[in-house]
Amino acid sequence: MRGTAPWLTSTSDVIRFRVDDLHSAVLGIAMNKGLYVPVVRRVTFGPGVVGNPVDLNSLNCESSTVTVRLTNDNTGEFYCEARFEIVTNPASISALQ
Amino acid sequence: MNWPSDNWKFLFAGDGGAAALAFIGNVCKRWFWPQPPEQGANLTAQGASVHDSPVASGSGITQSRDTHNYYYPPAAAGPQPAVESPPPLEPTRQKANVKIVGFKKIAMRMGTDSASYKCEPAHAHGEAVVIDVTNDARQESANVEAVVKAIVIY
């Protein structure tokens, strides 16, 4: 599965990082005894009207490896990439080398 | 003193007479016939200095000079030799210092605007695993902001 992760406090699929800003990207949501992967879609409803609905995709496994890649939305510039392991029940996250 | 008169016949008869008439005629020509100016004098002096030139001195001398204009068209542009040109310089673009600095599990609440918010566990709709990303300032280079998206691959 591949998609764009949502950011906390943001209704968009991207977020503006000013200098010394800190933002958090959501990789999984644990609720109703399951883990869901939120993926933001960019949908154009009309001229100048763009929405970002969030799809919750169930992660039906005990654990999964996720690769996170941060890029510039305008230029495509690559910033960094990291891999994590996510356990579904109970929900937890750990970094992979 | 009477030699010319005594030898009249000898002077004007035969070969002697012809020679005498030719001498007298030549003398009369030099005295009374106008001498034409000397023509056809050529002077060639390349790479040398000329003094007392018969052409350059005197009066009533007309010197003419033929002017020759030679036109050499520019050489046809042939294939230019390949010259190693330096690679074009890329415009320097400042790169934001975007890094992943941590990960954690938080209590989360869905807002009415469909955004997710961190909240107290008592008001949470659930838990979320998140990563923290920063754009820390650097001392050694310029600091810029950036619009960032996070691609996840499960």
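No experiment lies behind these values; they were computed from the predicted model shown. Numbering of residues starts from 1 in each chain and follows the order in which that chain's sequence is written. In the order they appear in the text, chains get letters beginning with A and ligands get numbers beginning with 1. The predicted origin of the model limits local features to residues at a pLDDT of at least 70 and limits the giving and counting of side-chain atom pairs to 80 or more, whereas totals for whole chains, interfaces and linings rest on all residues.

Participant: For the overall build of chain A, give the residues involved together with the corresponding values.
Facilitator: Helices and strands together make up the secondary structure of chain A, namely zero helices and 10 strands. The order of α-helices and β-strands along chain A, N terminus first, is β-β-β-β-β-β-β-β-β-β. A residue is called partly exposed when the number of other C-beta atoms within 10 Å of its own lies between 12 and 20, exposed at 12 or fewer, and buried at 20 or more, with C-beta atoms placed from the backbone. Out of the 97 residues in chain A, the part that is buried amounts to 32%. Residue pairs qualify as contacts under a 7 Å threshold applied to their C-beta atoms, which are placed from the backbone. Across chain A, the fraction of contacts at a sequence separation of at least 24, relative to all contacts at a separation of at least 6, is 34%. Under the scheme used here, helices are H or I runs from DSSP no shorter than 4 residues and strands are E runs no shorter than 2 residues, and both carry numbers assigned from the N terminus.

Participant: Lay out the overall build of chain B in plain terms, naming residues and giving numbers.
Facilitator: Within chain B one finds three helices and four strands. Starting at the N terminus and ending at the C terminus, chain B contains elements arranged as α-α-α-β-β-β-β. The buried share of chain B, reckoned over its 154 residues, is 10%. For chain B, the proportion of contacts with a sequence separation of at least 24, taken over those separated by at least 6, is 39%.

Participant: I'd love a proper account of the interface of chain A and chain B, names of residues and values included.
Facilitator: Chain A puts 51 residues into the contact, and the matching count from chain B is 38 residues. At the level of elements, β1 (2-4), β2 (15-17), β3 (22-31), β8 (63-72), β9 (78-87) and β10 (92-96) of chain A are the ones that each hand at least two residues to the side of chain A that touches chain B. It is β3(A) that provides the largest number of residues to the side of chain A that touches chain B, a total of 10 residues. The residue makeup of the side of chain A that touches chain B, split by class, is 28 nonpolar, 14 polar and nine charged. Strands were regarded as paired on the criterion that DSSP finds at least two bridges between them. Note that β2(A) and strand β4 (residues 146-153) of chain B share three bridges and pair antiparallel. Classification used: nonpolar for Ala, Val, Leu, Ile, Met, Phe, Trp, Tyr, Cys and Pro, charged for Asp, Glu, Lys and Arg, polar for all others including Gly.

Participant: Before we move on, can you summarise the nonpolar core with the specific residues and values?
Facilitator: Core membership is restricted to buried Ala, Val, Leu, Ile, Met, Phe, Trp, Tyr and Cys residues, and these are joined into a nonpolar core through C-beta atoms within 7 Å. Among the nonpolar cores identified, the biggest contains 33 residues, and A:A25, A:L27, B:V98, B:V130 and B:V148 are the most heavily contacted of them. Mapped onto this core, the elements with two or more residues apiece are β2, β3, β4 (34-40), β8 and β9 of chain A together with β1 (98-110), β3 (126-135) and β4 of chain B. With sequence-adjacent residues up to four places away left out, B:V130 is seen in contact with A:L8, A:S24, A:A25, A:V26, A:L27, B:F103, B:K104 and B:I106.

Participant: Explain the pairing of β4(A) to me, using residue names and the numbers behind them.
Facilitator: All names here are of chain A. Burial within β4 is extensive, with five of its seven residues counted as buried. When β3 meets β4, the two strands line up antiparallel, connected through three bridges. Looking across to β4, one finds that M31 is bridged to G34. Taken together, β3 and the strand that follows it, β4, pair antiparallel across an intervening segment of two residues, in which N32 is found at a positive phi of about 55 degrees. Sheet analysis places β4 next to strand β7 (residues 54-58), joined by five bridges and oriented antiparallel. Note on β7: the bridge partner recorded for Y36 is S58.

Participant: Lay out the environment of A:P90 with the relevant residues and their values.
Facilitator: Tracing the backbone shows A:P90 in the loop between β9 and β10. C-alpha of A:P90 to C-alpha of A:A30: the two residues are 60 residues apart in sequence and 8.2 Å apart in space.

Participant: Can you tell me about helix α3 (residues 14-32) of chain B, naming the residues and giving the values?
Facilitator: Between its first and last C-alpha atoms α3(B) spans 27 Å; for 19 residues at 1.5 Å apiece the expected length is 27 Å, and the two agree. A small share of α3(B) lies buried, amounting to zero of its 19 residues. In this scheme, a helix's expected span is set at 1.5 Å multiplied by one less than its residue total.

Participant: Go over the pairing of β8(A), please, and point to the residues and values.
Facilitator: Summarising the sheet, β8(A) and β9(A) pair through nine bridges and their orientation is antiparallel. Note that in β9(A) the partner of A:T67 across the bridge is A:R83. Counted along the chain from β8(A) to the antiparallel partner β9(A), the turn is five residues long, and its residue A:G76 has a positive phi close to 75 degrees. Pairing analysis gives six bridges linking β8(A) to β4(B), with the strands arranged antiparallel. Within β4(B), the position partnered with A:T71 by the bridge is B:K149.

Participant: A description of the confidence of the model for chain B should follow, citing residues and the corresponding values.
Facilitator: All names here are of chain B. Confidence scores per residue from the predictor, reported as pLDDT, run from 0 to 100. Mean pLDDT over chain B stands at 78; residues scoring 70 or higher make up 68%. Within chain B, β4 carries the highest mean pLDDT (95), whereas helix α2 (residues 8-11) carries the lowest (65). In the predicted complex, the global pTM is 0.62; the interface-specific ipTM is 0.92.

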